[in-house]
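Letter by letter, the chains look like this.
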Amino acid sequence: MTDRFGDLAGSRYRVHLCFGPNCSERGSKQLWPKLEAAIADAGLTGEVELLATTCRNRCDYGPSLNVYPGPVFYNGIDAEAVHEIVQEHLGQGRVCQRWVFRPKLSRS
Ligand code: FES
C-alpha cells in the first residue's frame, strides 16, 4: 500500500504526531506513550508506523495528528481522542469524525 508520501513499508497506516513547539506545549509528547500503548492494546503493532514530526502547520489547533493513507488530519487531540482514533480509524478503518480538523471560520 502506498500513500502520497510513498511506500508504507508493510504497514497499513502511518501516523504522524506533531512534536513541534506549539503541539508540544499542548501535550503532544505526553500523548506519545498513550498512542503506543493504544496501538499495542488494539493488537495493531506492526500495522502502524508511528512517527514524531515537526510542525504540521495547524498550530492553533494542536495537538495535531495525521493518519496516512489520506491524509486525515486530527486536531485538538487528548488521551480520549488517541483511544478513539486508534480503535475506530486504525482498528476499523472508519475516520473518527469527532476529532477531524475543522478550521475556524474567519469573518472579514
Ligand atoms: S507545532 Fe504542531 S501543528 Fe505546528
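Fair warning: this is a prediction, and the values are worked out from it, not measured in the lab.

A. Layout of the overall build of the protein. Looking only at helices and strands, the protein has three helices and six strands in total. Ordered by position in the sequence, the α and β elements of the protein form the string β-β-β-α-α-β-β-β-α. Looking at the 108 residues of the protein, the share that counts as buried comes to 31%. Restricting to contacts in the protein with at least 6 residues of sequence separation, those with at least 24 account for 63%.

B. Structural context of the nonpolar core. Ranked by size, the top nonpolar core spans 22 residues in total, and within it L65, I77, V82 and I85 carry the most contacts. Elements with a contribution of two residues or more to this core: β3 (13-18), α2 (28-41), β5 (64-68) and α3 (79-92). In terms of residue count, the dominant contributor to this core is α3 (five residues). Those residues in contact with L65 that lie beyond four places of it in its chain are V15, H16, L17, C18, Y74, I77 and I85.

C. Spatial organisation of α2. Taking 1.5 Å per residue, 14 residues should reach 20 Å; α2 reaches 20 Å between its end C-alpha atoms and fits that length. Looking only at α2, the buried set comprises S28, L31, L35, A38 and I39. Among the structural elements, β3, α1 (21-25), β4 (48-53) and α3 are those in contact with the buried residues of α2. Taken from the residues just after α2, G43 is the one with a positive phi, measuring 70°.

Parameters at a glance
Residues numbered from 1 in each chain as written. Predicted model: local features only at pLDDT ≥ 70, side-chain atom pairs only at ≥ 80, totals over all residues. Helix = DSSP H or I, 4+ residues; strand = E, 2+ residues; numbered from the N terminus. Buried ≥ 20, exposed ≤ 12 C-beta atoms within 10 Å, placed from the backbone. Contact = placed C-beta atoms within 7 Å. Core = buried A, V, L, I, M, F, W, Y, C linked by C-beta atoms within 7 Å. Expected span 1.5 Å × (residues − 1).

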